[in-house]
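# Commentary on secondary and tertiary structure
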Amino acid sequence: MTAVRGRLGKAERDPVFERYRKAFLFAGPNEGRTTAYPRVAVYTGSGASHSWIWFADLMERIGLYDITFIVESDMSSGGLDGFDFLLVGGGDTYAMAESLGGDGARAILRFVGDGGLYLGSCAGAYLVLTGVDLEPFTPFRLVTGEMRNVMPDPPKPRCLDHKYLARYGEEWVFHPVYGEVEVGPGDAAAGFPCFDAGATIRAPLFGGPIMEGAHKDEVLARFSGLSDRAAFLWPRGDVLRLVDGRAAAVVSSIGEGTVVVSGPHLEHPLFPGANALAAEVLLRHCARKGELGGGRHTPGRGGDKPVGGEEAESLAREIRRQVSNARIVAFGLEKMPVTWRIGLKVWEPEKVRMFLDYAWYRLPFVAKRAALVSPGERLAHLAGGYGEVTQMARSVKARIESGEDSQAEAELLLGTLKELTAAFLSVYFKLRLQERTGLPEKPRTS
Amino acid sequence: MDFMYYGDILIVDLEAGTTEEVEIDEAWRAGPVLPAALELFRRHAQDNPLLLGSGILTGTTAPASCLGFVLGASQITGGPAVAPLDMFAGAEMKLSGFSMVLIKGNSPDPVYLWLHDGVADLVDASPITGKDTWRTCDAIREEMGEQLIQVVSIGPAGEAKSDLASFSINYWGSGDNAALGALMGAKNLKAVALRGLGMIDAEDPEEFYNRTMDLLRGSPSKKGFDWVSRGPEDEGIDAWLKPLAHRHRSCFACPCACNTFVKYNEDPAVMGSDGVQEPGLMVTNPAAALWLRQGGWGAEGACRAMEAMTRAGIDAVRGAREMSTGPLEDPTEIAAAVEALTGSAGAAWPRGEGAGSGIFGPRTPPQGSEDRWLEVNRAAYVLGICPLFLVTSGVELSELLELCLPAAGVEVDAGGIKEMFDRARA
Ligand code: SF4
């Protein structure tokens, strides 16, 4: 009943992941292993939309469970030390840059300089492009690249007005196509299995940069075609002329570190080919790091107390109850003709259920091991949090139904859900990691 | 049988306020279908159980796969009685994550049971005690925040344990003609609310989907009540209702929309709604309308009376027969006449025994004998397919039985169904 079915389930089971699962399974700090078991930081702070979850999802599919969800304050306070990958997904680039500020930018630079890998998609890509050179972006310039999708006076879109434009100084960043695109290999992808025999891969472009100006050797993937599974805000021929042959993803080495940026969401869960491209970049970085002297990190063992048996079980049941209640309301929300603008980002109501689903489908795993969760208060926090989310979702829905403005409530709901999902996934990945590393299975009873 | 959610049975102990899941006896290879429920009913007889369940195909893409069941002891017949859980409630029952629920004992305080995605909650119902079925449905949906929740509830008649009490499904009358609504009242169980976001999967999804689509394509699509009428005395019911008829509506996955929505508080020609909150009623069982017509009632007065009975949680079929007044038109007089029925005694109609055997409504459609109708009903409950569809669609029973293999990996034939009921009786 809890297995993920349909297109998502099919994509998850794609054999493309096997290679990476195996590679990372044998990664680790132990003697004789050539690559370190990577420690991953996923940015979930200000400006991040929901797409950071796709990164977590991808890490799980390739067998990487040592994941920490970080916000802007973690970054500037040395919170990136010891991580191997920093993953920054889509969202509101202005809000990200502003909240990270100079301290955040310096932390990212230091992280990469020390041998870390930065992988940014969509907003996470704009954030570090040299071509994005206005305040507040100036301190972040890491990868050479200009945006092609910027002009002072873009033509009117044919559809999806609300997704079309974002202010960029005196000009506008525009998005002429929204949905699936095809990308082919750039020079930097020579020998990548996902591009075997000149294959192209499909990936979703949801407002990410269309790039040029990077050195040819640094282009990882180029736009090579369009798809019927996309909305065309410009006439299709004009879109093709704009994107064809331009850089979709760029990789650059800085000292021992690597920076990868991608316009399309390589981490999107329905695009296993694109996922394989991202995974290959991570693996190659790890292999290089292995050759360069071994891992940066040894997974730590948790020392906090779980709550133990019955109480843990009852808390897990309460989480399930509340996530189910909230999902039922969220399903109803999806049918409502409403969107919310938070910063520059437009949020649709279906994002509420998306956050909840990521917890829902992982709940049986957590419930079975609830007695191992440490510290045990985390379960109580989740149970209480999801209870609040249910009430918030009901209140948002009631406001919409009665014709009242729901913006403030929706902002609170989505913010709370983002934090709670990160907290839930932290618990989940910690349990996955414990299983992988054979850490104590039996809880110390309180 | 994981595919069809068949697995554990939920046992709700109202007295203790607890719920637990138990495994179904492996001998019931076809899962927790009606015969298995009858056996459980007998085994738990001392707890005065009320059972809700579904059939093998309920909630799937099979045509008319809307059927679930409610089973309990009828205070009128003294024996087990079955009522259909149709419209969208049967499918939602399956989607709620439970194939069968056994509710035993009586609650010390009024409660309602909220089944959602495999979670069972007993919720305080004191704020909705005394409310009619329409307000009960509204209140539960509002509390839980979703309009698609299916609400099986009782009104004042059920709370008063009237012989005429019947549970309603959302706002509309059900086929409970054996006072199972009174059993809910005796249990202090105001409602069972159902909702689930699960997906019902099949053992062989492609085969199952293709076959069901073929059956659906081959099924006739019909509207109104005339096609299920029994004989001359039933004829013309659609024409009688026509001036008020607004639309026809089918149950889950059914190509034949026999339910008729009538408007009498608003012009039925208005397609949407011109602001009237409660424009009318869905007539879900023509027998009540027929009875009132035979008593000389006009369509509007009859529909208002049926609304009042449904809201009070009275079985409109039996209520119409018990009504002591002649034809009425004035809404206030109608309300008073219906109120006088609440709490009154009444007989099951027309056969208590039939109700106990799983008969879908009190009326036999024109095709075949009563024995044949009983046989069809048994197959219908095991399959989860509406029996009216079974006898009128031209789809062979064997074609539907064959679906059980790609659906759930079990082989079921007509002989097997008979054996199941024999075993349940033994
Ligand atoms: S025939 Fe009528 S009662 Fe049967 S499923 Fe179809 S609409 Fe419902």
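Each value, and the rule that gives it
- Residues numbered from 1 in each chain as written.
- Chains lettered and ligands numbered in written order.
- Predicted model: local features only at pLDDT ≥ 70, side-chain atom pairs only at ≥ 80, totals over all residues.
- Heavy atoms only, no water.
- Helix = DSSP H or I, 4+ residues; strand = E, 2+ residues; numbered from the N terminus.
- Contact = heavy atoms within 4.5 Å.
- Areas by Shrake-Rupley, 256 points an atom, 1.4 Å probe, with all protein chains shown as cover.
- Rg over C-alpha atoms; globule rule 2.2 N^0.38 Å.
- Lys, Arg positive; Asp, Glu negative; His and termini not counted.
- Charge placed at Lys NZ, Arg CZ, Asp CG, Glu CD.
- Pairing = 2+ DSSP bridges.
- Axes fitted to C-alpha atoms, helices over the stretch in contact; angles between N-to-C directions.
- Salt bridge = Lys/Arg side-chain N within 4 Å of Asp/Glu carboxyl O.
- Polar contact = N/O pair within 3.5 Å; in protein donor to acceptor, adjacent residues only side chain to side chain.
- Near = heavy atom within 4 Å.
- Nonpolar A, V, L, I, M, F, W, Y, C, P; charged D, E, K, R; others polar.
- Buried < 20%, exposed > 50% of the residue type's maximum accessible area, 1.4 Å probe, protein only.
- Parallel < 35°, antiparallel > 145°, perpendicular 65-115°, else oblique.
- pLDDT = per-residue confidence, 0-100.
- Left-handed = near helix turned anticlockwise from the far one by under 90°.
- Patch = residues over 30% accessible without salt bridge, like charges linked within 9 Å, V, L, I, M, F, W, Y side chains within 5 Å.
- Core = buried A, V, L, I, M, F, W, Y, C linked by side-chain atoms within 4.5 Å.
- Domains from an automatic or database assignment.
- Arc of directions from axis to C-beta.
- Buried area = accessible area lost by both parts, 1.4 Å probe.

## Section: the overall build of chain A
Scanning chain A from N- to C-terminus turns up 14 helices and 16 strands. In chain A, once contacts between residues fewer than 6 apart in sequence are set aside, the share between residues at least 24 apart is 78%. With the model as given, the accessible surface of chain A reaches about 17,600 Å², and the carbon-plus-sulfur share is 50%.

## With respect to the overall build of chain B
For chain B, the helix and strand inventory stands at 17 helices and 15 strands. Over its C-alpha trace chain B gives a radius of gyration of 20 Å, about what one expects of a compact globule, namely 22 Å for 426 residues. Summarising its shape, the C-alpha atoms of chain B cover approximately 55 × 50 × 40 Å along the three principal directions. Counting only contacts in chain B whose residues sit at least 6 apart along the sequence, the fraction spanning at least 24 positions is 68%. As displayed, chain B offers around 15,300 Å² of accessible surface, 49% of which is attributable to carbon and sulfur atoms. Computed over 33 positive and 59 negative side-chain charges, the separation of the two mean positions in chain B equals 4 Å.

## What to know about the sheet that holds strand E9 (residues 150-153) of chain B
Ordered in space as E8-E7-E12-E9-E10-E11 (chain B), the 6 strands form an open sheet in which the pairing is mixed. For this open sheet the edge positions go to strand E8 (119-124) and strand E11 (172-173) of chain B, each flanked by a neighbour on one side alone. Sheet analysis places strand E10 (residues 168-169) of chain B next to E11 of chain B, joined by 2 bridges and oriented antiparallel. Each bridged residue has a counterpart across the sheet, and for Ile169 of chain B the counterpart in E11 of chain B is Trp172 of chain B. Lying over the sheet, helix H10 (residues 309-333) of chain A contacts strand E7 (111-116), E8 and strand E12 (189-195) of chain B, oriented at roughly 80 degrees with respect to E7 of chain B. Here helix H3 (residues 133-144) of chain B sits on the sheet and contacts E7, E8, E9, E10, E11 and E12 of chain B; the angle it forms with E9 of chain B, its principal contact strand, is near 140 degrees.

## Digging into the interface of chain A and chain B
In this complex, chain A contributes 17 residues to the contact, which on the side of chain B involves 18 residues. In this assembly, chain A and chain B are joined by 4 salt bridges. For Glu146 of chain B, the salt bridge goes to Lys335 of chain A, with nearest N and O atoms at 3.9 Å. Summed over the shared surface of chain A and chain B, the result is 10 residue pairs in polar contact (both at pLDDT 80 or more). Of all the secondary structure elements, the ones that give two or more residues to the side of chain A that touches chain B are H10, helix H11 (350-360) and helix H13 (377-401) of chain A.

## Notes on the site of the ligand
The environment of the ligand is made up of 9 residues, and the closest members are Cys251, Cys254, Cys256, Cys258 and Cys386 of chain B. Of the residues that constitute the shell around the ligand, the class distribution is 7 nonpolar, 2 polar and no charged.

## Quick look at the environment of Lys263 of chain B
Residue and element names in this part refer to chain B. In this structure, Lys263 sits in strand E14 (residues 259-263). The exposure class of Lys263 is buried, given its relative accessible area of 2%. Remark: the alpha-carbon pair of Lys263 and Thr129, spanning 134 residues in sequence, is separated by 28 Å. Each residue touching Lys263, except ones within four places of it in the same chain, is listed here: Leu244, His246, Pro268, Val270, Met271, Gly272, Pro279 and Gly280. Side-chain polar atoms of Lys263 contact the side chain of Glu266, separated by 2.7 Å. Within the structure, the side chain of Lys263 is placed 3.0 Å from the backbone oxygen of Val270, a separation counted as a polar contact.

## Let's talk about the packing of helix H3 (residues 52-61) of chain A against helix H14 (residues 407-437) of chain A
Residue and element names in this part refer to chain A. For the pair H3 and H14, the least separation of the axes is 11 Å and the interaxial angle reads 10 degrees. Taken together, the axes of H3 and H14 are roughly parallel relative to one another. When H3 is examined against H14, the residues Trp52, Ile53, Ala56 and Glu60 are found in contact with a partner set consisting of Lys418, Thr421, Ala422, Leu425, Tyr428, Phe429 and Arg432. Tallied by class, residues from the contact of H3 with H14 come to 7 nonpolar, 1 polar and 3 charged.

## Focus: the confidence of the model for chain B
On average, residues of chain B score 88 in pLDDT, and 90% of them are at 70 or above. As scored by the predictor, the complex reaches a pTM of 0.88 and an ipTM of 0.89.

## Description of unusual backbone geometry
Residues other than glycine predominantly adopt negative phi, and peptide bonds predominantly adopt the trans conformation. A cis amide bond, omega 5 degrees, links Glu135 of chain A with the succeeding residue Pro136 of chain A. Following the sequence through the fold, Pro136 of chain A ends up in the loop between helix H6 (123-126) and strand E5 (146-147). Along the chain, Ser374 of chain A connects to Pro375 of chain A via a cis peptide bond; the corresponding omega equals -5 degrees. Along the chain, Pro375 of chain A turns up in the loop between helix H12 (363-368) and H13. Within the chain, Asp117 of chain B stands out as a residue other than glycine whose phi angle is a positive 50 degrees. Looking at where Asp117 of chain B falls in the secondary structure, it is placed in the loop between E7 and E8. We classify Asp117 of chain B as buried; its relative accessible area is 1%. In this structure, Ala179 of chain B takes a positive phi of about 65 degrees despite not being glycine. Inspection of the secondary structure assignment puts Ala179 of chain B in the loop between E11 and helix H5 (180-186).

## What about the sheet that holds E14 of chain B?
Residues and elements named next belong to chain B. Within the open sheet, the 3 strands sit side by side as E13-E14-E15. Their pairing is antiparallel. Of all the strands in the sheet, the pair left with one neighbour each is strand E13 (245-249) and strand E15 (280-283). Averaged over all pairs of adjacent strands, the angle between strand axes in this sheet comes to 20 degrees, irrespective of strand direction.

## Quick word on the packing of helix H8 (residues 286-294) of chain B against helix H9 (residues 299-312) of chain B
Residue and element names in this part refer to chain B. Packing of H8 against H9 leaves a shortest axis separation of 10 Å and a crossing angle of 130 degrees. Classed by the angle they form, the pair H8 and H9 counts as oblique. Seen from above, H8 lies across H9 with right-handed handedness. Facing H8, whose interface residues are Ala288, Ala289 and Leu292, H9 presents Ala302, Ala305 and Met306. In terms of residue class, the contact of H8 with H9 is built from 6 nonpolar, no polar and no charged.

## Observations concerning a negative patch on the surface
Taken together, Asp8, Glu21, Glu23, Asp25 and Glu26 of chain B make up a surface patch of like negative charges. With respect to the element layout, Glu23 of chain B can be found in strand E2 (residues 18-23).

## Overview of the nonpolar core
Formed by 150 residues in total, the largest nonpolar core has its most connected members in Ile62 and Leu86 of chain A. Of all the elements, H14 of chain A adds the most residues to this core, at 13 residues. Here this core spans two domains, and each of domain 1 (6-296) and domain 2 (309-436) of chain A adds at least three residues to it. Excluding its chain neighbours within four sequence positions, the residues that come into contact with Ile62 of chain A are Phe17, Tyr20, Arg21, Phe24, Ala279 and Leu282 of chain A. The next biggest cluster of nonpolar side chains, apart from the first, holds 146 residues, and it includes Ala37, Val70, Ile334 and Phe389 of chain B.

## Structural notes on helix H11 (residues 331-341) of chain B
All names here are of chain B. Considered for burial, the residues of H11 that qualify are Ile334, Ala337, Val338 and Leu341. One face of H11 carries all of its buried residues, which in axial projection span an arc of 95 degrees. When the buried face of H11 is taken as reference, the exposed residues oriented beyond 90 degrees from it are Thr332, Glu339 and Ala340. Its buried side turned inward, H11 meets H9 and helix H10 (316-322).

## Remarks on the pattern of salt bridges
According to the stated counting rule, one finds 46 salt bridges over all chains in the structure shown. A salt bridge links Arg39 of chain A to Asp66 of chain A, with the shortest nitrogen-to-oxygen separation between them at 4.0 Å. Placement of Arg39 of chain A in the loop between helix H2 (16-25) and strand E1 (40-43) and of Asp66 of chain A in the loop between H3 and strand E2 (67-70) is noted, with a sequence separation of 27 residues between them. Ionic pairing is found between Asp187 of chain A and Lys216 of chain A, a salt bridge with its closest N-O pair at 2.8 Å. Of this pair, Asp187 of chain A sits in the loop between strand E9 (177-185) and strand E10 (201-205) while Lys216 of chain A sits in the loop between strand E11 (211-212) and strand E12 (219-232), and the two are 29 residues apart along the sequence. Judged by relative accessible area, which is 38%, Asp187 of chain A ranks as partly exposed. If you follow the salt bridges from partner to partner, you end up with Asp132, Arg135, Asp138, Glu278, Glu307 and Arg311 of chain B in one network.

## Let's talk about the domain arrangement of chain A
All names here are of chain A. For chain A, the assigned domains read domain 1 (6-296) and domain 2 (309-436). Put simply, the middle of domain 1 and the middle of domain 2, counted by C-alpha atoms, are 26 Å apart. Contact residues are listed per partner, giving 28 residues for domain 1 and 23 residues for domain 2. Across the interface of domain 1 and domain 2, roughly 2,200 Å² is buried in total on both sides, 63% from carbon and sulfur atoms. Of all residues in domain 1, the largest losses of buried area upon contact with domain 2 belong to His50, Ile53 and Tyr65, amounting jointly to 27% of the total for that side. Between Asp57 and Arg362 there is a salt bridge, with its nearest N and O atoms 2.6 Å apart. Our enumeration of links across domain 1 and domain 2 arrives at 9 residue pairs in polar contact (both at pLDDT 80 or more). Elements represented by at least two residues in the side of domain 1 that touches domain 2 include exactly H2, H3, E2 and helix H7 (161-164).

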